[in-house]
Amino acid sequence: MNMTFRWYGRGNDTVTLENIKQIPGVKGIVWALHQKPAGEIWGKEEIKEEIDYIHSYGFHTDVVESVNVHESIKLGNEERDQYIENYKQSIRNLGEYGVKVICYNFMPIFDWTRTEMFHPLEDGSTALFFEKSKVDNIDPQELVKTVSESSDLSLPGWEPERMAHIAELFEAYKEVDEAKLWANLAYFLNEVLPVAEEAGIKMAIHPDDPPYSIFGLPRIITGEASYEKLIAISNSSSNGFTMCTGSMGANPENDMVQVARKYATRSPFSHIRNIKIYESGNFTETSHYTSDGSIDIKGVVEELNKQNYDGYVRPDHGRHIWGEVCRPGYGLYDRALGIMYLLGLWDAFETNKEVSQ
């Protein structure tokens with residue numbers, strides 16, 4: 001298990017590399033050129049500058065999250081081929097600098113979706129919160145306002161330049177159902193996977209968050225059946241998954257231990273986090289501790305350990321604790337606690353294997 005930590009870059013994150021270096025066991029930084037609009041080519045010089053800075057702190061830069069997929073590609077319109085060519089060049093450029101994994105998603109318009117950014121929890125902390133009935137009834141523009149006003153820092157998947165065109169995007173997606181979105185994903189993958197193979201990069205698709213339709217938009221990476229469908233598109237060694245326990249696990253029908261058992265070898269990158277799911281369909285982020293949420297985090301880590309998983313792992317959305325002021329879900333303290341819990345589980349399972357031998 002190769003432990004990493006997501007970082008949003010200089011001037012765009014309340015957490016510094018100096019902070020992260022003090023977390024035991026962290027080997028790499030999950031990074032991106034967050035200032036780049038979706039669809040633009042990631043240039044070699046700007047890639048090198050960011051990588052050199054991260055390397056100066058002793059971290060690897062093997063994982064990029066994310067090279068965002070332009071909406072034209074998801075919509076399958078007449079502009080998609082040019083944006084796919086741009087994506088291919090970004091893959092080539094990243095490969096030249098040793099990147100091994102690109103995490104991406106294929107969610108229409110919205111990336112992750114929450115209705116409250118700082119929901120109070122019983123322990124006095126706050127966390128991201130999803131209220132299903134509100135999403136079922138709210139105007140998407142109201143949700144955009146809620147998210148935009150939650151932080152002065154850029155929020156991935158909620159970039160202002162994209163949200164400025166939300167009305168026309170909804171209009172365009174009226175012509176796109178799940179079958180069409182699957183066809184557009186297949187078209188994209190059949191174009192980029194040969195390039196990724198040549199560059200030595202694995203494309204790791206992130207599950208939809210939450211893993212079901214919202215605002216009438218199609219969602220397609222939602223559970224085991226969708227993983228099988230993705231595998232059927234291409235048997236390329238570069239066609240893989242980002243296994244996210246909190247995103248896919250937001251649907252109680254998805255057994256994340258079973259998902260880890262079946263698909264760890266196809267998942268070069270894993271997000272491990274816990275959420276508490278309520279009967280109403282609402283859910284909130286919790287600590288990573290198994291007993292605090294609805295996801296069997298201990299079971300997931302045990303399964304990864306059984307398979308001697310050597311992929312990249314990072315803690316995901318954490319609570320906001322000890323008065324920390326940070327971007328929603330991405331503070332320092334709770335994610336650091338999450339890392340120590342995950343590494344503690346891993347070490348315990350390693351010890352058990354040694355004893356049994």
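What this report covers is the structure whose coordinates are included nearby. (Residues numbered from 1 in each chain as written. Predicted model: local features only at pLDDT ≥ 70, side-chain atom pairs only at ≥ 80, totals over all residues. Heavy atoms only, no water.)

**Concerning the pairing of strand 5 (residues 116–120)**
Here three bridges tie strand 5 to strand 6 (residues 126–130), and the two strands are oriented antiparallel to one another. Bridge pairing in strand 6 links His119 to Ala127. Hairpin connection between strand 5 and strand 6: a loop of five residues separates the two successive antiparallel strands, and Gly124 in this loop has a positive phi of roughly 95°. (Pairing = 2+ DSSP bridges. Helix = DSSP H or I, 4+ residues; strand = E, 2+ residues; numbered from the N terminus.)

**Examining the nonpolar core**
Core analysis: the largest hydrophobic core is formed by 92 residues, its most contacted members being Ile20, Trp31, Tyr87, Leu94, Leu185 and Phe188. In terms of residues, this core owes the most to one element, helix 9 (residues 178–199), which gives nine residues. Contact partners of Leu94, with chain neighbours within four places excluded, come to Trp31, Trp42, Ile47, Val64, Val67, Val99, Ile102 and Ile201. Grouped together as the second largest cluster of nonpolar side chains are seven residues, Val30, Val101, Cys103 and Phe269 included. (Core = buried A, V, L, I, M, F, W, Y, C linked by side-chain atoms within 4.5 Å. Buried < 20%, exposed > 50% of the residue type's maximum accessible area, 1.4 Å probe, protein only. Contact = heavy atoms within 4.5 Å.)

**Structural notes on the pairing of strand 4 (residues 101–104)**
Moving residue by residue along a regular strand, the side chains alternate between the two faces of the sheet. Residues Val101 and Cys103 line one face of strand 4 and the alternating positions Ile102 and Tyr104 line the opposite face, and both faces are buried. When strand 3 (residues 63–65) meets strand 4, the two strands line up parallel, connected through three bridges. Opposite Val64, over in strand 4, you have Ile102 as the bridge partner. In the sheet, strand 4 pairs with strand 7 (residues 202–205) via four bridges, with the strands oriented parallel.

**Thoughts on the state of the cysteines**
Counted under the stated rule, the structure contains zero disulfides. As a non-bridged cysteine, Cys103 has Cys244 as the owner of its nearest cysteine sulfur, 8.6 Å distant. By relative accessible area, which is 1% here, Cys103 ends up buried. Judged by its relative accessible area of 1%, Cys244 is buried. (Disulfide = S-S within 2.5 Å.)

**A few points about the sheet that holds strand 10 (residues 275–277)**
Sheet strands line up and pair through hydrogen bonds in the backbone, either parallel or antiparallel. Reading across from one edge, 5-6-11-10 is the order of the four strands in this open sheet, with antiparallel pairing throughout. Sheet topology places strand 5 and strand 10 at the edges, where each strand pairs with a single neighbour. On average, each strand axis in the sheet is inclined to that of its neighbour by 35°, with strand direction left out of account. (Axes fitted to C-alpha atoms, helices over the stretch in contact; angles between N-to-C directions.)

**Re the pattern of salt bridges**
For the structure shown, the criterion picks out 23 salt bridges. With its nearest N and O atoms 3.1 Å apart, the salt bridge here joins Glu50 to Arg10. Of the two residues, Glu50 is situated in helix 2 (residues 44–55) and Arg10 in the loop between strand 1 (2–6) and helix 1 (17–21); the sequence distance between them amounts to 40 residues. A salt bridge links Lys88 to Glu191; the shortest N-O distance between them is 2.8 Å. Of the two residues, Lys88 sits in helix 4 (residues 80–96) while Glu191 sits in helix 9, which places them 103 residues apart along the sequence. Looking at Glu191, the relative accessible area reads 30%, which means it is partly exposed. Beyond isolated ion pairs, a larger network of salt bridges with shared partners links Arg6, Glu65, Arg114, Asp209, Arg273, Glu285, Arg314 and Asp316. (Salt bridge = Lys/Arg side-chain N within 4 Å of Asp/Glu carboxyl O.)

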